[in-house]
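# Structure assessment
For reference, the chains in residue letters:
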Amino acid sequence: MPRSAPIAAVFLALAGTALGVLAARRAPAADAPAKAPPVVETWEGYLWKDKDGRTRLGDPVIAMGVMATPAQVVAEPAASRLAPFLSPVGDEYHFWNYTLDKEGDKALDAQPRYLVRLRGPVTTVGERGGLGMFSSDTVLTMDDARLVTLEPVDRGWLDAWAVVFRDKASPWRIREGGDTSEAGRRRFAERALAALAAMRARPGPSDAERAAAKAADAGAALSDAFRRESEASLQRYVVAQAKANGWALRGLDALPPVPPDADEVQGLFLEHATKAAFLAAVVARWKGDLSIVLLPHYVETGPANARGVSWSSVSVAAVRDDWSDDDYVAHRRTTVATLRR
């Protein structure tokens, strides 16, 4: 998607010598893009190498379209330390639903191998605004990136999860020729339950993966947040379908409790004016790991004279650990105002 911001050349008229001769001198063809001071940020996604050899962060999503984003570059020396966790993805977005709908090893080989959570000071060069408002030369660079968490993406888990993108009655399937019949939807619910059991039976991170994370950053921890939230999302769908259609599905009663979904968490966010009150409300609802509880919200971005609003989603653990009280108030104010439009 082309994103351009042409800069006009500037011509200066200079006074000449005592003879009164005027000389014209042209300024450089383009000024250097504006550089904003660094701000500490948290990035989540997969690591990949672009055609210029830069280590960049990519976003794995389930979506139907393409979104604009600036380049998120991880600077050296952190990029070299994180090289073992590069994924075989060649773009800043990876669409699970466009890639896992295909059968076979080739599809599995093309998936992200690791998901990372990085934190460090980020410098913006170029124009930074809301989605679709970035200039083509905008680059976000994280210096001194720390690896906060590492989540290996298990191949067997992906193979089991892929049923949600392949079954004709699945709401996540993108190919034509879907099956909306009750029989088809019940069949998919039964397959989804079987897939869920297979996904949860897969082993967690290995000792070797734990050692690799520590080698990259002594403070790094292993995570399974994406895996567990994906499982919870699938379980919520099956439970809701069984309830709506009166289906008695084998194994349904044995399913574990799941955290609140994003809509419920956003409702708590809108309800509570302070970070402390919000966290207390979430903990009252869910006693488990807050890294698998997601908060969708809106944030203001860009310079003061050209503010934009972008949609974002973070874990409640990130709200607890990374947001100040002022951050919470600002993001909540922007979310309330945006949702009221």
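Residues numbered from 1 in each chain as written. Predicted model: local features only at pLDDT ≥ 70, side-chain atom pairs only at ≥ 80, totals over all residues. Heavy atoms only, no water.

## A closer look at the overall build of the chain
Of the regular secondary structure elements, the chain holds 12 helices and 12 strands. Within the chain, the fraction of its 341 residues that count as buried is 44%. Of all intrachain contacts in the chain linking residues separated by at least 6 positions in sequence, the fraction that spans at least 24 positions is 68%. Surface summary for the chain: the accessible area is close to 18000 Å², and the carbon and sulfur share equals 55%. (Helix = DSSP H or I, 4+ residues; strand = E, 2+ residues; numbered from the N terminus. Buried < 20%, exposed > 50% of the residue type's maximum accessible area, 1.4 Å probe, protein only. Contact = heavy atoms within 4.5 Å. Areas by Shrake-Rupley, 256 points an atom, 1.4 Å probe, with all protein chains shown as cover.)

## Things to note about the pairing of strand β8 (residues 139–142)
Where strand β5 (residues 71–74) and β8 come together, four bridges link them in parallel fashion. Counterpart to Q72 in the pairing with β8 is L140. Here strand β7 (residues 114–125) pairs with β8 via four bridges, running antiparallel. Paired with T123 across the strands is T141, a residue of β8. (Pairing = 2+ DSSP bridges.)

## Here's the deal with the nonpolar core
Core analysis: the largest hydrophobic core is formed by 31 residues, its most contacted members being L100, L158, W161, V164, M199, V238 and L249. Elements supplying a minimum of two residues to this core: β3 (39–49), α4 (155–161), α5 (163–166), α6 (182–201) and α8 (225–245). Discounting chain neighbours no more than four positions away, the residues touching W161 are I62, W96, L100, M199, F226 and S230. (Core = buried A, V, L, I, M, F, W, Y, C linked by side-chain atoms within 4.5 Å.)

## Quick word on the confidence of the model for the chain
The predicted model of the chain averages 85 in pLDDT, with 84% of residues at 70 or higher. Confidence drops under a pLDDT of 50 for residues 1–30, and excluding neighbours within four residues, the segment shows 30 contacts in the predicted structure. Taken as a whole, residues 129–133 scores under 50 in pLDDT and shows 14 contacts with residues more than four places along the chain or in a different chain. (pLDDT = per-residue confidence, 0-100.)

## Some remarks on the pattern of salt bridges
A full pass over the atoms with the stated rule returns 26 salt bridges. The partner of D52 in a salt bridge is K51, and the shortest N-O contact between them spans 3.8 Å. Across the pair, K51 and D52 agree in class, each one exposed. The closest approach of N and O atoms between D217 and R146, which form a salt bridge, is 2.7 Å. (Salt bridge = Lys/Arg side-chain N within 4 Å of Asp/Glu carboxyl O.)

## Looking at the environment of D167
Take D167: it is sitting in the loop between α5 and α6. The buried category is assigned to D167, whose relative accessible area is 2%. Taking the C-alpha atoms as reference, D167 lies 9.5 Å from R185; in sequence the two are 18 residues apart. In terms of polar contacts, D167 uses its side chain to reach the side chain of R187, at 2.8 Å. (Polar contact = N/O pair within 3.5 Å; in protein donor to acceptor, adjacent residues only side chain to side chain.)

## Side note on the layout of surface pockets
One number sums up the size of the second largest pocket: a volume of about 250 Å³. Residue assignment for the lining of the second largest pocket shows that the elements contributing at least two residues are β7, β9 (146–152) and α8. Class assignment of the residues belonging to the lining of the second largest pocket gives a composition of eight nonpolar, three polar and six charged. (1 Å grid on protein atoms, 1.4 Å probe; cavity = no way out; pocket = protein on both sides within 12 Å on 5 of 7 lines; lining within 4 Å. Points joined across faces, edges and corners; volume = space filled by probe spheres on them. Nonpolar A, V, L, I, M, F, W, Y, C, P; charged D, E, K, R; others polar.)

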